[in-house]
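A structural walkthrough
One-letter residues, chain by chain:
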Amino acid sequence: MEVLYEDNHIIIVYKEAGEIVQGDKTGDEPLSEIVKQWIKEKHQKPGNVFLGVVHRLDRPVAGLVVFAKTSKALTRLNNMFRNGEIHKTYWAIVTRPPFEPEATLTDWLVRNERQNKSYAYNHQVPTSKKSILHYKVINQSDRYTLLEINLMTGRHHQIRCQLSNMDCPIKGDLKYGAPRSNLDGSICLLSHRVEFIHPVSKEKICIESPLPKDNLWQTIGKF
């Protein structure tokens, strides 16, 4: 875990692919507990440390995670996420270049809870949710393409599902059509940048994630 920003109300950390943000049925130690322990030791806090989870990243995804250190910040950040006032930018390495170098995708996604997977349709169907993202190509190598993605909505596996639906699966994402997995079990999706107005100080916050140490990320992500 790497701390990229901290003040009295907020802490932003880098999550490695493979870490879980919150506890789940696997019983693995979640990032939230690691951050709590870090705060407790750094600030020598007695008793329990408050830490609020305001958003999550899928386990195989790396990048920025924002936590609230106070209940006031948690309430305000939750409202900001709900109202689209927190702007997150993702980078994805895909196995095929898209037909258009820049476009907005609109699909209707249906979540299958049992499979933990979403399915995209080009029209509204029962239980579907309208899902919109904007992408643009920002770099290419011989075999892979790097996309920058901005979400207009926040749906289950939205980026993974919508990119797969346009025949551009994310490298390593077997669940959504990649031809093979990555050796470390990750998928090549990175929560790269987060921008928002601080809910207490009202200062503008803009934090960028380091690149994963993987050779492909280090090559295609530097331009």
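Per an unreviewed UniProt entry, the chain goes by 23S rRNA pseudouridine1911/1915/1917 synthase and derives from Prevotella scopos JCM 17725. As recorded by UniProt, the Sequence similarities (unreviewed entry) comment attached to the chain reads in full: "Belongs to the pseudouridine synthase RluA family."

1. Considering the overall build of the chain
The helix and strand tally for the chain stands at four helices and 11 strands. Relative to a compact globule of 223 residues, whose C-alpha radius of gyration would be 17 Å, the chain shows 18 Å and is just as compact. Along the longest, intermediate and shortest principal axes, the C-alpha atoms of the chain span 55 × 40 × 35 Å. For the chain, the proportion of its 223 residues judged to be buried stands at 48%. The contacts of the chain with a sequence gap of at least 6 include a subset with a gap of at least 24, amounting to 62%. Charged side chains of the chain number 31 positive and 25 negative; the gap between the two group centres comes to 5 Å.

2. What about helix α1 (residues 31-42)?
Across its 12 residues, α1 extends 16 Å between first and last C-alpha, which sits within 8% of the 16 Å expected from 1.5 Å per residue. Turning to α1, its buried residues number three or more, namely L31, S32, V35 and I39. Projected down its long axis, α1 carries its buried residues within an arc of 100 degrees, all on one side. The inward-facing, buried residues of α1 abut β1 (2-6), β2 (10-15), β3 (52-53) and β4 (62-68). Positive backbone phi, approximately 50 degrees, marks Q44, located one or two places after α1.

3. What about unusual backbone geometry?
Among all residues except glycine, the phi angle is most often negative; among peptide bonds, the trans geometry is most common. Phi is positive for T127, close to 70 degrees, though the residue is something other than glycine. The residue T127 is located in the loop between β7 (117-121) and β8 (129-140) in this model. Positive phi outside glycine occurs at D167, with the angle close to 65 degrees. Inspection of the secondary structure puts D167 in the loop between α3 (158-165) and β10 (189-197). Its relative accessible area of 46% is what places D167 among the partly exposed residues.

4. What about the pairing of β4?
Regular strands show a simple pattern: their side chains alternate between the two faces of the sheet. The element β4 is largely enclosed, with a buried count of seven among its seven residues. Examined bridge by bridge, β3 and β4 share two bridges and lie antiparallel to one another. Within β4, the residue paired with G52 across the bridge is A68. Pairing analysis gives two bridges linking β4 to β10, with the strands arranged parallel.

5. Brief notes about the side chain of S186
Here S186 shows up in the loop between α3 and β10. At 2.7 Å, the side chain of S186 and the side chain of D184 are in polar contact. Ignoring anything within four residues of it in the chain, the contact list for S186 reads A17, P60 and G172.

6. Focus: the nonpolar core
Of all hydrophobic cores here, the largest spans 41 residues; its most connected members are F67, I149, L163 and I170. A total of five residues in this core trace back to one element, the largest contributor, which is strand β5 (residues 87-94). Here I149 is in contact with K88, T89, Y90, A92, L133, H134, Y135, I159 and L163, once residues within four sequence places are set aside. Listed in part, the 16 residues of the second largest apolar core include A68, L77, I205 and I207.

The rules behind each value
- Residues numbered from 1 in each chain as written.
- Predicted model: local features only at pLDDT ≥ 70, side-chain atom pairs only at ≥ 80, totals over all residues.
- Heavy atoms only, no water.
- UniProt positions renumbered as here; feature names shortened; annotations may be inferred.
- Helix = DSSP H or I, 4+ residues; strand = E, 2+ residues; numbered from the N terminus.
- Rg over C-alpha atoms; globule rule 2.2 N^0.38 Å.
- Buried < 20%, exposed > 50% of the residue type's maximum accessible area, 1.4 Å probe, protein only.
- Contact = heavy atoms within 4.5 Å.
- Lys, Arg positive; Asp, Glu negative; His and termini not counted.
- Charge placed at Lys NZ, Arg CZ, Asp CG, Glu CD.
- Expected span 1.5 Å × (residues − 1).
- Arc of directions from axis to C-beta.
- Pairing = 2+ DSSP bridges.
- Polar contact = N/O pair within 3.5 Å; in protein donor to acceptor, adjacent residues only side chain to side chain.
- Core = buried A, V, L, I, M, F, W, Y, C linked by side-chain atoms within 4.5 Å.

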